[in-house]
2 protein chains.
Amino acid sequence: MMTEHVLPGDIEKRSFEIIAEELSSMGISLDPEQDPVIRRAIHSSADFDYAKTLHFSQDAVRIARDLIARGADIITDTNMALTGINKKRLAAYEGQVRCYMAEESVADEAKERGLTRAAVSMEHAAGDITESGTRAIFAVGNAPTALITLRKLYDDGIFRPDFVIGVPVGFVNVTEAKELILETDIPCIINRGRKGGSNIAAAIVNALLYGMK
Amino acid sequence: MMTEHVLPGDIEKRSFEIIAEELSSMGISLDPEQDPVIRRAIHSSADFDYAKTLHFSQDAVRIARDLIARGADIITDTNMALTGINKKRLAAYEGQVRCYMAEESVADEAKERGLTRAAVSMEHAAGDITESGTRAIFAVGNAPTALITLRKLYDDGIFRPDFVIGVPVGFVNVTEAKELILETDIPCIINRGRKGGSNIAAAIVNALLYGMK
């Protein structure tokens, strides 16, 4: 077999080195704070576009890690992202990952109001967070309507998220929905354009967690 | 807001139309049987490379659907892929999705033998399938060592998978591991090169399910 022998524990390390080497040979140098987040997104997709399209608001990485250190929960718009996030690591800071998408009340209300389940999920999450006073990071990897809803709640003065990771993937309203968050003063990490996904949302959260001091 | 109003149920339909239009404008025409699988991979990633790199062995889509219709289980190498697969749809044909990655016996054995958990997972799955006589489709979205292990079991005459969806993502042994499956006579859908992921593995399985007669 023509495969290289690499010890299990070294595969990820070697992968991150290869990504760094290739970025360097492309003439791309990353901000040291953003670097592990961008490299983990590339690691999850083998797609170097993320080095060009991931946008970080001012001090985004520091702000997100501060929120996690203070026990913030992570709200996702897919159970795939929830599955991919390192929940054990998050629990060390008292945080939980929550996803409302599979809840029956969400499905019923979405059908009744002609909305997506993701839109209703965000409303329910915003309500719960407001009530409990928890801090929360929204990690949106699938539904642009989740971001559109968060922007609407913000515009209406109903709810302001502490932080948004906005990386839905797709072809309808995805690019526009991301810009709607970028126009606000909400701290965020957003992948501009069509690309993203639940895997990228999970990768970004995990990169934040793995870099905690 | 500058977003287009699209009814929730129409978003996916519209997305698939856009993908078809763009493929057509790139001069790419897809095999009708492979088309829904390739378009769903693009839908999950917004990455049109999949139109060029997804490789199907002879009659792969028909063979995979026959297996599902006859109650095949799906074995994944990540719980993310397991989460993303439409288990309700699969259950209609008596199939289940199974992932061995989180099992304690797998972790212990991997540590003891200096292997990845994915490699040990595949051995355990192969053992269980042989014992039960179940049919199974392997859907590998993460670990090249899963594919390397399947090839080794095949070479040693211990186990021959009914079908392999081989779309691990990454930088170490990933491209090579995919070729190891392509060299065999195992029916397969393989994404050549570095790209893939749990999301792509789940998308391919779901495309197979959604196209069942």
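Predicted model only: the values in this text are computed from it and were never measured. (Residues numbered from 1 in each chain as written. Chains lettered and ligands numbered in written order. Predicted model: local features only at pLDDT ≥ 70, side-chain atom pairs only at ≥ 80, totals over all residues. Heavy atoms only, no water.)

Chemist: Which residues make up unusual backbone geometry, and what values go with them?
Modeler: Residues and elements named next belong to chain A. Even without glycine at this site, Asp59 takes up a positive phi of about 60°. Of note, Asp59 is situated in the loop between strand S1 (54-56) and helix H4 (60-69). Under the relative-accessibility criterion, Asp59 is labelled partly exposed at 34%. (Helix = DSSP H or I, 4+ residues; strand = E, 2+ residues; numbered from the N terminus. Buried < 20%, exposed > 50% of the residue type's maximum accessible area, 1.4 Å probe, protein only.)

Chemist: Before we move on, could you go through the pairing of strand S2 (residues 73-76) of chain B and cite the residues and values that matter?
Modeler: All names here are of chain B. Alternating residues of S2 divide into Asp73 and Ile75 and Ile74 and Thr76, and every residue in both groups is buried. Relative to strand S4 (residues 136-140), S2 runs parallel, the two sharing 4 bridges. Note that in S4 the partner of Asp73 across the bridge is Ala136. Note that S2 and strand S3 (residues 97-99) share 3 bridges and pair parallel. Across the sheet, residue Ile75 finds its bridge partner in S3, namely Arg98. (Pairing = 2+ DSSP bridges.)

Chemist: Break down the side chain of A:Arg65 for me, with residues and values.
Modeler: All names here are of chain A. Structurally, the position occupied by Arg65 is in helix H4. The side chain of Arg65 sits in the buried core without any salt bridge; Glu33 is the nearest counter-charge, 5.7 Å away. For Arg65, the contacting residues outside a window of four places in its chain are Ala207, Leu208, Gly211 and Met212. (Lys, Arg positive; Asp, Glu negative; His and termini not counted. Salt bridge = Lys/Arg side-chain N within 4 Å of Asp/Glu carboxyl O. Contact = heavy atoms within 4.5 Å.)

Chemist: Pulling in residues and values, what's your account of the relation of the copies chain B and chain A?
Modeler: Of the two same-sequence chains, chain B is brought onto chain A (RMSD 0.0 Å, axial shift 0.0 Å) by a rotation of 180°. Such a combination of turn and shift is consistent with a two-fold rotation axis. Taking C-alpha positions as the reference, the residue of chain B nearest the rotation axis is B:Met80, at 2.6 Å. A shared interface surface links the copies, since 100% of the contact residues of chain B are contact residues in chain A too. (Least-squares fit on C-alpha atoms with pLDDT ≥ 70 in both.)

Chemist: Go over the side chain of B:Asn206 with me, naming the residues and quoting the values.
Modeler: Within the fold, B:Asn206 resides in helix H11 (residues 198-210). The contacts of B:Asn206, once residues within four sequence positions are left out, are B:Arg40, B:Gly84, B:Ile85 and B:Asn86.

Chemist: Explain the packing of aromatic side chains to me, and be specific about the residues and the numbers.
Modeler: By the definition in use, this model includes 4 aromatic pairs over all chains. Taking 6.0 Å as the distance between ring centres and 85° as the angle between the ring planes, the aromatic pair formed by A:Phe48 and B:Phe171 counts as edge-to-face. Of this pair, A:Phe48 sits in the loop between helix H2 (35-45) and helix H3 (50-53) while B:Phe171 is found in the loop between strand S5 (163-166) and helix H10 (174-182), placing the two residues in two different chains. Here the two residues A:Phe48 and B:Phe171 agree in accessibility, since each one is buried. (Phe/Tyr/Trp six-rings, centres within 6.5 Å; stacked < 30°, edge-to-face > 60°.)

Chemist: So, the pattern of salt bridges: which residues are in play, and what are the values?
Modeler: Residues and elements named next belong to chain A. Tallied over the entire structure, the rule returns 36 salt bridges over all chains. Between Arg151 and Glu183 there is a salt bridge, with the nearest N and O atoms lying 2.8 Å from each other. Taken as a pair, Arg151 in helix H9 (residues 144-155) and Glu183 in the loop between helix H10 (174-182) and strand S6 (188-191) lie far apart in primary sequence, 32 residues in all. You can call Arg151 buried: its relative accessible area is 14%.

Chemist: Tell me what's going on with the interface of chain B and chain A, and back it up with residues and numbers.
Modeler: Put simply, an interface is often sized by how much accessible area is lost when its parts join up. Contacts between the two partners involve 39 residues from chain B, matched on the other side by 39 residues from chain A. For the chain B and chain A pair, buried surface summed over both sides reaches about 3,300 Å², with 73% attributable to carbon and sulfur atoms. Counting every contact that joins chain B to chain A gives 2 salt bridges. Along the contact surface separating chain B from chain A lie 4 residue pairs in polar contact (both at pLDDT 80 or more). The set of elements that each furnish at least two residues to the side of chain B that touches chain A consists of helix H1 (11-25), helix H2 (35-45), helix H5 (79-84), H10 and H11 of chain B. (Buried area = accessible area lost by both parts, 1.4 Å probe. Polar contact = N/O pair within 3.5 Å; in protein donor to acceptor, adjacent residues only side chain to side chain.)

Chemist: If you had to explain helix H1 (residues 11-25) of chain A to someone new, which residues and values would you point to?
Modeler: Residue and element names in this part refer to chain A. Between its terminal C-alpha atoms H1 stretches 21 Å, which fits the 21 Å expected from 15 residues at 1.5 Å a residue. Every buried residue of H1 is listed here: Ser15, Phe16, Ile18, Ile19 and Leu23. Considered in projection along H1, the buried side chains sweep an arc of 160° and stay on one side of the axis. Facing away from the buried side of H1, by more than 90 degrees, are the exposed residues Lys13, Ser24 and Ser25. (Expected span 1.5 Å × (residues − 1). Arc of directions from axis to C-beta.)

Chemist: Account for the sheet that holds strand S1 (residues 54-56) of chain B, with residues named and values stated.
Modeler: All names here are of chain B. The strand order S1-S6-S5-S4-S2-S3 describes an open sheet built from 6 strands, whose pairing is mixed. Single-partner strands in this sheet number two, and they are S1 and S3. Neighbouring strand axes in the sheet, compared pairwise and without regard to direction, differ in orientation by 20° on average. Relative to strand S6 (residues 188-191), S5 runs parallel, the two being bridged by 3 bridges. Residue pairing in the sheet places Ile165 in a bridge with Ile189 of S6. (Axes fitted to C-alpha atoms, helices over the stretch in contact; angles between N-to-C directions.)

Chemist: Could you give an account of the sheet that holds strand S2 (residues 73-76) of chain A, naming the residues involved and the relevant values?
Modeler: All names here are of chain A. Judged by pairing direction, the sheet is mixed, and its 6 strands sit side by side in the order S1-S6-S5-S4-S2-S3 without closing on themselves. Pairing within the sheet leaves two strands with one partner each, and these edge strands are S1 and strand S3 (97-99). Within this sheet the neighbouring strands show an average axis-to-axis angle of 20°, counted without direction.

Chemist: Describe the environment of A:Arg39, and please don't skip the residues or the numbers.
Modeler: Residues and elements named next belong to chain A. On the secondary structure map, Arg39 appears in helix H2. Between the alpha carbons of Arg39 and Thr76 there is a distance of 21 Å; along the sequence they are 37 residues apart. Residue contacts for Arg39: discarding those within four places in its chain leaves Phe16, Glu17, Ile19, Ala20, Leu23 and Leu30.

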